[in-house]
Amino acid sequence: MFLTRLFISFLAARIGSRTTDHKATHVVLAVCLAVGIIFSSPLKAQVSVETLEEPDQPWQIEADEVGYDDVTKQYIAKGNVTIKKRDISLTADFIRFDSQSMTAVAIGNVVMTVAGDILVGNSIEINLVSETGTIYQGSIFLKESHFYIKGDKLKKIGKDTYVAEKASISTCDGEPPAWRITGRNLKITIEGFGTVKHGTMWARKVPVLYSPYLVFPTKRKRQSGFLFPKFGSSDRKGFRYIQPFFWAISDNTDATFFWDHMDSRGEKFGAEYRYLLSRESKGTVMFDYLNDKEIDEGTGDSSEKFGFADDNALRPNSDRYWFRMKVDQELPYDFSGKLDLDIVSDQDYLSEFREGITGFDQAEEYFSGTFGRGFNDYTDRVRKNLLNIQRRWSGYQLNVSAEYFDDVVLRRQSDIDPTLQKLPLVEFDLSRKRIFESPFYIDLDSEYVYFFRKDGQTGHRTDILPRFYAPVRVRNYFTFEPSVGVRDTLWYLDKLEDKRFEGDRIHHRLIPDVSADVLTEVFNVYNFRFGRIDKIKHTLRPQAVYSFTPHVDQSDLPFFDDTDRIAEENLLTYSLTQTLISRSIAKKAAGTEKTQKKQTKQNELPEYDYNQFLRFKLEQSYDIKKALDDEPRPFSSVAGRLDFVPFRYFSLEATAKWSPYDNDLPEHNVAATLSDGRGDRLVVEHRYSKDQNESIYFDTSIKLSERLRIYGDYEHNLLDDIRIRSSVGVLYSSQCWSIDMRYVDEISDQRYVFAITLVGLGQVRRSFQGRIIGNPFGGF
């Protein structure tokens, strides 16, 4: 520093002694003065400290001043001190660092970061190897779990363990936090639990809950613990309290247990177990049980209060349950297996417990999303159970299944059960393949099934249906594809319940059929400038399909299902399908006109997005058989379907049938969805079937602000002028908590639902193929 100033003074003196131009002298002096100021600014000292543990990864010390004490073998750094190595960084006004014991004492504006976690305090004593020590007047922020820990004296006694005499915890940003827990003798272990004595939960500055001893999970991943309860009240069930408990058994298995208290009905208990071995191997089991205080025995008010008007069966049982299970499993030699179980106690159970965390709707959504298959409708008294083994080759498929159909009413209330079971069902299918080098193609559907029932006729059936195709392309005008199929069916009856079949166990049937398909397609491309859209393609696709199946007397054949009765057919079906497809320049490629001209000049084709925004199909059939037999109305109704998505936030779906004889619409349905970029949504649906039903349905969700949303739905039976369902709810979501309040009014029940979620203490997160699995952070 001194030499720099001396050199500048000398240079200025020499220049001044050789010139008489005072202005030039002043300029030179000013420049010299600036250079002197710049080069005389203090530079930070930097020191690399090698350690025995990792000599190739030294600790870097940077400060305004760095000294070394030979007596204590310590580095002493003052002023804007930083010690760092890899993802560990410690900054302070003053740091004393012992390279032998790897301990540091930092004082003044202390900030330490470790893999995203942040420790802030007035001072800290820490071992940089074990990452243990004490923070005074400080706070700790755990990034992955978004946990804040604050206290006068916080001790880190292990890599993932913290203790404090007096402290507070929260997952909320800002001061004061929206919620926090304070107490004494706090101990927290990451990927474990936290405990605190004399714990108090605060809503901002107001205490709302006290516990002499509080336990809460502090895991960054899924963890065991009580989830936040749900509250509600309804006419049928009274006051309702649902308390879930989540058990994170391992990284790929977990379980959830439910206690559902209903004042008017009793205690319902439930459990759920899930495992995930791979994308193809996973399983889920759910079970609920209720010893119901009320039954529907058809007397007094029991049917009105505890039955359902849309079924004619009573419910005399009080033991009520629902067991459901789905499994996907990889098997050796490229086989795969599926298991579906759906066993319910009575025909009313799924209607009565349709909503909620153990209800039918949530189970249907989860199983459909995770396994790609759901359940029979909640009103269906016959429940399907399935075991399937499958093997696929290129163009071939083998399925071996056992299908068991459980008629809940007959099982409960009858000694006779004629429900038909398929034990087993074997299917072998061949997808359409060319026959060697010929112009002909073939496909095959075949099955073997053993029909079993507790009461009634049983037997075996083999059904084989090969089909041969001879497609012809007439230049670019149209495609003509005739085909011939031959259905060969064989029965063997092992249990002769029908007197017609006495002494005749074997039966055979052979039915041919003929089909012809004529198809063409014409299109035109129009220039259309609107926004990023530059072209629209309009396509017309007329098609006619003729199908003929001769009359074959089947009255003396066994009958198990519809395959045993193939109806005579002489039918012509014709349709016209129109589509509109827009082409638009992709957003990342769309730029200024200058940019597009530059791409053209460089022979670079821009990237395009294609969107089929309209599809409209009309279809009608002419029954030639009816016309030849002088039967009335050989023409079917004209069926139409419209799918219209003109832009991202609007869609319209409509179906309708028009009768050419009555000149009316005996059936039509229309559904429209309107949304926006904020997250608002409106769904309107109208359904009509002549003399059967007519209803209208609304579903809306409105985002009033970033945190507040109102939602609701409404369904009305217009034919009978009856309100089927209405609901309204309010959802307030903050950074670290949310509250959801909802009222639902149905024909058979009215209920209130109330739920609070504290992020970190009761939040429900998604994992395991996107399923809601439980609380990843919190419990109480």
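Residues numbered from 1 in each chain as written. Predicted model: local features only at pLDDT ≥ 70, side-chain atom pairs only at ≥ 80, totals over all residues. Heavy atoms only, no water.

### Examining the overall build of the chain
Line of reasoning, step 1. Helices and strands together make up the secondary structure of the chain, namely eight helices and 44 strands.
Line of reasoning, step 2. Burial analysis of the chain (780 residues in total) assigns 38% to the buried set.
Line of reasoning, step 3. Partitioning the intrachain contacts of the chain with sequence separation of at least 6 by distance along the chain shows that 45% fall at a separation of at least 24.
Line of reasoning, step 4. As displayed, the chain offers around 43,400 Å² of accessible surface, 57% of which is attributable to carbon and sulfur atoms. (Helix = DSSP H or I, 4+ residues; strand = E, 2+ residues; numbered from the N terminus. Buried < 20%, exposed > 50% of the residue type's maximum accessible area, 1.4 Å probe, protein only. Contact = heavy atoms within 4.5 Å. Areas by Shrake-Rupley, 256 points an atom, 1.4 Å probe, with all protein chains shown as cover.)

### Re helix 5 (residues 360-371)
Line of reasoning, step 1. With twelve residues, helix 5 ought to run about 16 Å at 1.5 Å a step, and its terminal C-alpha atoms sit 16 Å apart, in line with that.
Line of reasoning, step 2. Taken together, the buried positions of helix 5 are F360, A363, Y366, F367, T370 and F371. One face of helix 5 carries all of its buried residues, which in axial projection span an arc of 135°. Residues of helix 5 that are exposed and angled more than 90 degrees away from the buried face: E365 and G369.
Line of reasoning, step 3. In the stretch just after helix 5, G372 is the one whose phi turns positive, near 80°. (Expected span 1.5 Å × (residues − 1). Arc of directions from axis to C-beta.)

### Thoughts on the pattern of salt bridges
Line of reasoning, step 1. Applying the stated criterion to the full structure yields 52 salt bridges.
Line of reasoning, step 2. One salt bridge connects R274 with D254, and the closest N-O pair in it is separated by 2.7 Å. Within this pair, whereas R274 is found in strand 18 (residues 266-276), its partner D254 is found in strand 17 (residues 253-262), the two being separated by 20 residues in sequence.
Line of reasoning, step 3. On the basis of relative accessibility, which here comes to 1%, the residue R274 falls in the buried class.
Line of reasoning, step 4. Notably, a salt bridge pairs D463 with R487, separated by 2.6 Å at the nearest N-O pair. Of this pair, D463 sits in strand 26 (residues 458-469) while R487 sits in strand 28 (residues 478-495), placing them 24 residues apart in sequence.
Line of reasoning, step 5. Accessibility expressed as a relative area gives 5% for D463, which makes it buried.
Line of reasoning, step 6. Since its relative accessible area comes to 17%, R487 is described here as buried.
Line of reasoning, step 7. Each member of the salt-bridge network shares a partner with another, and the members are K237, E355, D713, R725, R742, E746, D749 and R751. (Salt bridge = Lys/Arg side-chain N within 4 Å of Asp/Glu carboxyl O.)

### With respect to the state of the cysteines
Line of reasoning, step 1. On inspection of all chains with the given rule, the structure shows one disulfide.
Line of reasoning, step 2. Paired by a disulfide, C172 and C736 hold their sulfur atoms 1.8 Å apart. Taking the sign of the torsion about the S-S bond as the criterion, the disulfide between C172 and C736, at about 95°, is right-handed. With C172 in the loop between strand 10 (161-170) and strand 11 (179-189) and C736 in the loop between strand 40 (722-733) and strand 41 (737-746), this pair connects stretches of sequence that are 564 residues apart. (Disulfide = S-S within 2.5 Å.)

### Re the packing of aromatic side chains
Line of reasoning, step 1. Under the counting rule described, the total for this entry stands at 25 aromatic pairs.
Line of reasoning, step 2. With centroids separated by 5.2 Å and ring planes inclined at 40°, the aromatic side chains of Y732 and W737 adopt a geometry described as tilted.
Line of reasoning, step 3. The exposure class assigned to Y732 is partly exposed, which follows from its relative accessible area of 26%.
Line of reasoning, step 4. Grouping aromatic residues by their ring pairs yields a cluster made of W322, F360, Y366, F367, F371, F375 and Y378.
Line of reasoning, step 5. Sitting over the ring of F353, K268 keeps its end group 4.0 Å from the ring centre.
Line of reasoning, step 6. In this structure, K326 is placed above the aromatic ring of F375, and the distance from its NZ or CZ to the ring centre is 4.6 Å. (Phe/Tyr/Trp six-rings, centres within 6.5 Å; stacked < 30°, edge-to-face > 60°. Lys NZ or Arg CZ within 6 Å of the ring centre and 35° of its normal.)

### Topic: a nonpolar patch on the surface
Line of reasoning, step 1. Taken together, the side chains of V472, Y477, F478, F480 and V518 define a hydrophobic patch exposed on the protein surface, amounting to about 420 Å² of accessible area.
Line of reasoning, step 2. One can find V472 in strand 27 (residues 472-474). (Patch = residues over 30% accessible without salt bridge, like charges linked within 9 Å, V, L, I, M, F, W, Y side chains within 5 Å.)

### Re the pairing of strand 29 (residues 506-519)
Line of reasoning, step 1. As judged from the 14 bridges shared by strand 28 and strand 29, these two strands associate in the antiparallel manner. The residue bridging S483 from the neighbouring strand is S515, located in strand 29.
Line of reasoning, step 2. Both strand 29 and strand 31 (residues 533-549) contribute to a ladder of six bridges, which runs antiparallel. Across the sheet, residue L519 finds its bridge partner in strand 31, namely Q543. (Pairing = 2+ DSSP bridges.)

### A short note on the pairing of strand 28
Line of reasoning, step 1. Taken together, the nine bridges between strand 26 and strand 28 define a ladder with antiparallel strand orientation. Note on strand 28: the bridge partner recorded for R467 is G485.
Line of reasoning, step 2. Alignment of strand 27 against strand 28, held across three bridges, turns out to be antiparallel. By the bridge assignment for strand 28, V472 is matched with F480.
Line of reasoning, step 3. Between the antiparallel neighbours strand 27 and strand 28 lie three residues, among them R475 with a positive phi of about 50°.

### Here we look at the layout of surface pockets
Line of reasoning, step 1. Volume-wise, the second largest pocket comes out at about 490 Å³.
Line of reasoning, step 2. Contributing to the lining of the second largest pocket are 17 residues, with R532, I533, N611, P646 and F647 lying nearest its centre.
Line of reasoning, step 3. Residue contributions to the lining of the second largest pocket peak at four residues, all from strand 33 (residues 608-623).
Line of reasoning, step 4. Per-class residue counts for the lining of the second largest pocket are nine nonpolar, four polar and four charged. (1 Å grid on protein atoms, 1.4 Å probe; cavity = no way out; pocket = protein on both sides within 12 Å on 5 of 7 lines; lining within 4 Å. Points joined across faces, edges and corners; volume = space filled by probe spheres on them. Nonpolar A, V, L, I, M, F, W, Y, C, P; charged D, E, K, R; others polar.)

### Focus on the environment of A516
Line of reasoning, step 1. Mapped onto the elements of the fold, A516 is located in strand 29.
Line of reasoning, step 2. Overall, A516 belongs to the buried group, its relative accessible area being 18%.
Line of reasoning, step 3. It is 9.1 Å that separates the C-alpha atoms of A516 and F548, two residues lying 32 residues apart in sequence.

### Re the side chain of T489
Line of reasoning, step 1. Tracing the backbone shows T489 in strand 28.
Line of reasoning, step 2. By relative accessible area, T489 is classed as buried at 0%.
Line of reasoning, step 3. A distance of 2.5 Å separates polar atoms of two side chains, one belonging to T489 and the other to D463.
Line of reasoning, step 4. What T489 contacts, discounting residues up to four positions off in sequence, is R461, T462, D463, H507, H508 and R509. (Polar contact = N/O pair within 3.5 Å; in protein donor to acceptor, adjacent residues only side chain to side chain.)

### A look at the environment of I242
Line of reasoning, step 1. Tracing the sequence through the fold places I242 in strand 16 (residues 238-250).
Line of reasoning, step 2. As a C-alpha pair, I242 and P229 span 13 residues in sequence and 5.5 Å in three-dimensional space.
Line of reasoning, step 3. In this structure I242 touches P229, K230, W259, D260 and I357, once residues within four positions along its chain are discounted.

### Some thoughts on the confidence of the model for the chain
Line of reasoning, step 1. Per-residue pLDDT for the chain averages 86, and the proportion of residues at 70 or more is 86%.
Line of reasoning, step 2. Under a pLDDT of 50 for its full length, residues 1-42 has, in the predicted model, 14 contacts with residues more than four places off or in other chains.
Line of reasoning, step 3. Note on residues 762-780: pLDDT is under 50 here. Beyond four places in sequence and across chains, it has 86 contacts. (pLDDT = per-residue confidence, 0-100.)

### Re the nonpolar core
Line of reasoning, step 1. One finds I95, F97, M112, L128 and L186 to be the most contacted residues of the largest nonpolar core, which totals 48 residues.
Line of reasoning, step 2. One finds W322, F353, F371 and Y378 within the second-largest nonpolar core, a separate group that totals 16 residues. (Core = buried A, V, L, I, M, F, W, Y, C linked by side-chain atoms within 4.5 Å.)

### Here's the deal with the environment of I756
Line of reasoning, step 1. Looking at the element boundaries, I756 is found in strand 42 (residues 750-758).
Line of reasoning, step 2. As a C-alpha pair, I756 and S738 span 18 residues in sequence and 5.9 Å in three-dimensional space.

### Some thoughts on unusual backbone geometry
Line of reasoning, step 1. Cis geometry marks the peptide bond from E175 to P176, where omega comes out at -10°.
Line of reasoning, step 2. If you trace the backbone, P176 turns up in the loop between strand 10 and strand 11.
Line of reasoning, step 3. Cis geometry marks the peptide bond from L423 to P424; its omega dihedral reads 5°.
Line of reasoning, step 4. Within the secondary structure, P424 is located in strand 24 (residues 421-434).
Line of reasoning, step 5. Unlike most non-glycine residues, N109 shows phi in positive territory, near 50°.
Line of reasoning, step 6. Unusually for a residue other than glycine, N185 sits at a positive phi of about 50°.
Line of reasoning, step 7. Examined against the element boundaries, N185 turns out to sit in strand 11.

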